[in-house]
Amino acid sequence: MSITFQLEEAYLQSDFKKADDLWQAVASSDICQATQVALNLIRQCQIAQNFTGALHAARQAAQHWPIDHKIQLLYKELYYLYGSDLEQQGTPVTPQMLLAEDASEEALLWDLKLYSHYITNTEVVRLLKVFVQRWPEFRPGLRLLLNKLQLEGEFQDIVNLCSERYAKQRKHEGFVLQVWVDALVELQCLDEALVLAYEAHRQGALNKDIVEFLLAHSIGQGISRDQALRSSIDTLCQAYNVEGLQQAIAFEKKLNPPLRPLTPAFSPTQALTCSPLAPADCLVIIFSGVARRFAIPLTLLDRFFAGYGIALVNLVDKEDSYYLNGISGLGGSFESSVEKLREIAKRYGAKRVITMGHSAGGTAALHYGVALDACYILAYTPVCHVGLDFFERHADYRNRPQIRKVNQLVPDKRFDIKPILESSEFKGQIDLYAGEYCVKDLVHVDYLSGLPQVSAHAVKDVAIHAVIIPALLNGSFLQTLLGTVDKANAAYSMEARLQALVEHYVVERGEMAEQLSQLLEENDRLKRQVKQLEHSAGVPLGQSQEANGHALTFDFSLPDQPVS
């Protein structure tokens, strides 16, 4: 049996000790093109989704052939995507390194990606601008820059960058188009976004995801009454088989006139955004995801909740710790952030709290919802256990760089929400949502589904992590919001009625006590008058002169205790 075949068998059986010995044999043998054998084996592991094996093979190959550029580059890529070593730090990247004559754009980009988790997003953007200026046609670099600009809320910069690139090429690129449309919508330029979408459609560059995004963001912009807007959206929906137009119209029609002032604006750079201060019985706290935004417009959610007089707070995780290490500006820890949120609820006069979030925001909605004793928690595709070992156990390599960072920043006691729930006296309702066919997300939902406070829901026909827009367009998201608001209001109404009864009887009892006190005083006064009359007539107390053979007796005394 050849060494190559033995290596394949070792990785199939996850026998990494045997693989170590075989790699030593490969490196010391005279196998022709040994490095190509190594590259093929790594790719085989990736195709088989044996990511742990692929990373192990890449690490071994990188050690044995340190000067092979392809192997070193592949190891950097795989470590970034699948690595679990919390001790290894990112290689610092400087502008001088990016401008060096012998710089390699591929190697530097992977270094920069890893290094980005140890510096601020603003610093990352600065370095990426240098990178893109040096290698303007290297698409992975441009893609990363656009993504980081989104996190910084630099939407006008995105529009300018995309416009300049299109002016040179006169051709739309899918990843650029998506970010460009998104930026225009964020800048309140829906009409321009639609013009851009139609232009891309004529070039064959538009896709279903962008059309769904535009449909979702047209809610609240007049789609239920503006015939021109509805027609434009409908044409694109029909061209790309996007369903949900009627559900979008129905959502907009359910927007009630606001019972409180609307929130002026939301920004991904603001860790805390609160609706204007006005009395509210209920507060909803929305935790944005890793992208620092919610999946659907926050302005839409603000309008929806304002229609019920519900105050709104939106939070952004600028610490990149799934909110579990505290929230910027709300203290330096999870516990202090909880206390600050309690204070905010008191300012509104809110007696009930609802928490909701998607992805990392769903994780935060669970942890903060339990800590705040929320009446309802809505968590879409949450991570219920952020521990790296949990991800390893379920072979889940999604967003591994972020999970590594969370495991470095967050105390172990915050990794797992399940024991926190089991040991708490939390009595609220928890609703968890995941795509019907998204196995990795269902693992987290199933992990909590046996707890009495938890109800698990599958978003039908969805196999992706981003479930809120599909749920919005199939009508279930609206029904969830309406149901939550109705149940919360019903619960509050019952509580309020009981409290009103208690207060009523407290007042009534107080009034009765006051009346009794007055009667007792009156009784004492009458007894004194009778005594004076009897004394002046020489008649013993409590008796009068006999009249017609009858003795008259007066007794105005009351028992010491009121009769029950």
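All values derive from a computational prediction rather than experimental measurement.

Caption draft 1: Structural detail: the sheet that holds strand β3 (residues 311-315). Strand order in this open sheet of 7 strands is β1-β3-β2-β4-β5-β6-β7, and the pairing throughout is mixed. Strand pairing shows two members of the sheet lacking a second neighbour, β1 (272-274) and β7 (454-459), which therefore form its edges. With strand direction ignored, the average angle separating the axes of adjacent strands in the sheet is 15 degrees. Looking at chain direction, strand β6 (residues 429-435) and β7 are connected through 6 bridges and run parallel.

Caption draft 2: View of the environment of Arg 126. The topology assignment puts Arg 126 in helix α8 (residues 121-134). By relative accessible area, which is 45% here, Arg 126 ends up partly exposed. Considering only alpha carbons, one finds Arg 126 and Glu 77, 49 residues apart in sequence, at a separation of 22 Å.

Caption draft 3: Focus on the pattern of salt bridges. Counted by the stated rule, this structure contains 16 salt bridges. Where Lys 76 meets Asp 111, a salt bridge forms, and the shortest distance between an N and an O atom there is 2.8 Å. Within this pair, whereas Lys 76 is found in helix α5 (residues 69-82), its partner Asp 111 is found in helix α7 (residues 105-115), the two being separated by 35 residues in sequence. The class of Lys 76 is partly exposed, set by a relative accessible area of 29%. Since its relative accessible area comes to 11%, Asp 111 is described here as buried. Between Glu 152 and Arg 292 there is a salt bridge whose closest N-O contact spans 3.8 Å. Separated by 140 residues along the polypeptide, Glu 152 in the loop between α9 (139-151) and α10 (155-169) and Arg 292 in the loop between β2 (282-287) and α16 (298-306) bring together distant segments of the chain.

Caption draft 4: Spotlight on unusual backbone geometry. In this structure, Asn 241 takes a positive phi of about 55 degrees despite not being glycine. In this fold, Asn 241 is placed in the loop between α14 (227-239) and α15 (245-253). Phi angles above zero are rare outside glycine, and Arg 292 is one such case at about 65 degrees. Residue classification places Arg 292 among the buried residues on the basis of a relative accessible area of 7%.

Caption draft 5: How the structure looks around the confidence of the model for the protein chain. Residues at a pLDDT of 70 or more form 90% of the protein chain, whose mean pLDDT is 89. A low-confidence stretch, residues 544-552 (pLDDT under 50), is modelled with 7 contacts involving residues beyond four sequence positions or located in other chains.

Caption draft 6: Region of interest: a nonpolar patch on the surface. Together, Leu 516, Leu 519 and Leu 520 give the surface a local cluster of nonpolar side chains, amounting to about 240 Å² of exposed area. As for its placement among the helices and strands, Leu 516 is situated in helix α24 (residues 476-537).

Caption draft 7: Region of interest: the environment of Leu 432. When you line up the elements, Leu 432 lands in strand β6. Between the C-alpha atom of Leu 432 and that of Ser 449, which follows or precedes it by 17 residues, the distance is 8.4 Å. Filtering out sequence-adjacent residues up to four positions away, Leu 432 remains in contact with Leu 366, Ala 379, Pro 382, Val 445, Leu 448, Val 454, Ser 455, Ala 456 and His 457.

Caption draft 8: Spotlight on the packing of helix α11 (residues 174-186) against helix α12 (residues 190-203). Where α11 contacts α12, the two axes come as close as 7 Å, and the packing angle between them is 160 degrees. One way to sum up the angle between α11 and α12 is to call them roughly antiparallel. At the point where α11 passes α12, the crossing takes the left-handed sense. On α12, the residues touching Leu 177, Trp 180, Val 181, Leu 184 and Val 185 of α11 are Leu 190, Glu 192, Ala 193, Leu 196 and Ala 200. Each residue belonging to the contact of α11 with α12 can be placed in one class, and the counts come to 9 nonpolar, no polar and 1 charged.

Caption draft 9: How the structure looks around the pairing of β6. For β6, the buried fraction is high: 6 of the 7 residues fall into the buried class. Bridge analysis of strand β5 (residues 376-380) against β6 gives 5 bridges, and the strand direction is parallel. Across the sheet, residue Tyr 376 finds its bridge partner in β6, namely Gln 429. For the handedness criterion, the β-α-β arrangement of β6, helix α22 (residues 439-448) and β7 is classed as right-handed.

Caption draft 10: Structural view of the nonpolar core. Counting 96 residues, the largest nonpolar core has Leu 214, Phe 251, Phe 305 and Phe 477 as the members making the most contacts within it. Broken down by element, this core gets its largest block of residues, 9 residues, from α11.

Caption draft 11: Highlighting α16. Of all 9 residues making up α16, 7 are buried, and the element is well covered by its neighbours. What α16 keeps buried is the set Leu 298, Leu 300, Leu 301, Asp 302, Phe 304, Phe 305 and Ala 306.

Caption draft 12: Layout of the packing of helix α1 (residues 3-12) against helix α2 (residues 16-28). Contact pair α1 / α2: the axes reach a minimum separation of 9 Å and the direction vectors enclose 160 degrees. Judged by the inter-axis angle, α1 sits roughly antiparallel to α2. Once α1 is placed against α2, the crossing between them reads as left-handed. The segment α1 lies against α2, with Ile 3, Gln 6, Leu 7, Ala 10 and Tyr 11 engaging Phe 16, Lys 18, Ala 19, Leu 22, Trp 23, Ala 25 and Val 26. For the contact of α1 with α2, a count of residues per class yields 10 nonpolar, 1 polar and 1 charged.

Caption draft 13: Representation of the packing of aromatic side chains within the structure. All told, the structure shown has 19 aromatic pairs when counted by the stated rule. Chaining the aromatic ring pairs together yields one cluster made of Phe 251, Phe 304, Phe 305 and Tyr 308. Residue placement shows Arg 414 over the ring face of Phe 334; its charged tip is 3.7 Å from the ring centre.

Caption draft 14: Quick look at α7. By the criterion of burial, α7 is predominantly enclosed, with 9 of the 11 residues buried. Where α7 is concerned, the buried positions are Ala 107, Leu 108, Leu 109, Trp 110, Asp 111, Leu 112, Lys 113, Leu 114 and Tyr 115. Those residues of α7 hidden inside the fold are in contact with α5, α6 (95-99), α8, α9 and α20 (400-409).

Caption draft 15: Highlighting the state of the cysteines. Tallying each qualifying case throughout the model produces 0 disulfides. We note that Cys 282 lacks a disulfide partner, and the nearest cysteine sulfur, in Cys 375, lies 5.4 Å from it. Of the residues examined, Cys 282 reaches a relative accessible area of 1% and is grouped as buried.

Caption draft 16: How the structure looks around the environment of Trp 110. By secondary structure assignment, the location of Trp 110 is in helix α7. Sequence spacing of Trp 110 and Tyr 79 is 31 residues, and the spatial spacing of their C-alpha atoms is 9.5 Å. Look past the residues within four positions of Trp 110 in its chain and what remains in contact with it is Leu 73, Lys 76, Glu 77 and Tyr 80.

Here is what the cut-offs are and how they apply
- Residues numbered from 1 in each chain as written.
- Predicted model: local features only at pLDDT ≥ 70, side-chain atom pairs only at ≥ 80, totals over all residues.
- Heavy atoms only, no water.
- Pairing = 2+ DSSP bridges.
- Helix = DSSP H or I, 4+ residues; strand = E, 2+ residues; numbered from the N terminus.
- Axes fitted to C-alpha atoms, helices over the stretch in contact; angles between N-to-C directions.
- Buried < 20%, exposed > 50% of the residue type's maximum accessible area, 1.4 Å probe, protein only.
- Salt bridge = Lys/Arg side-chain N within 4 Å of Asp/Glu carboxyl O.
- pLDDT = per-residue confidence, 0-100.
- Contact = heavy atoms within 4.5 Å.
- Patch = residues over 30% accessible without salt bridge, like charges linked within 9 Å, V, L, I, M, F, W, Y side chains within 5 Å.
- Areas by Shrake-Rupley, 256 points an atom, 1.4 Å probe, with all protein chains shown as cover.
- Parallel < 35°, antiparallel > 145°, perpendicular 65-115°, else oblique.
- Left-handed = near helix turned anticlockwise from the far one by under 90°.
- Nonpolar A, V, L, I, M, F, W, Y, C, P; charged D, E, K, R; others polar.
- Right-handed = clockwise from strand over helix to strand, strands pointing away.
- Core = buried A, V, L, I, M, F, W, Y, C linked by side-chain atoms within 4.5 Å.
- Phe/Tyr/Trp six-rings, centres within 6.5 Å; stacked < 30°, edge-to-face > 60°.
- Lys NZ or Arg CZ within 6 Å of the ring centre and 35° of its normal.
- Disulfide = S-S within 2.5 Å.

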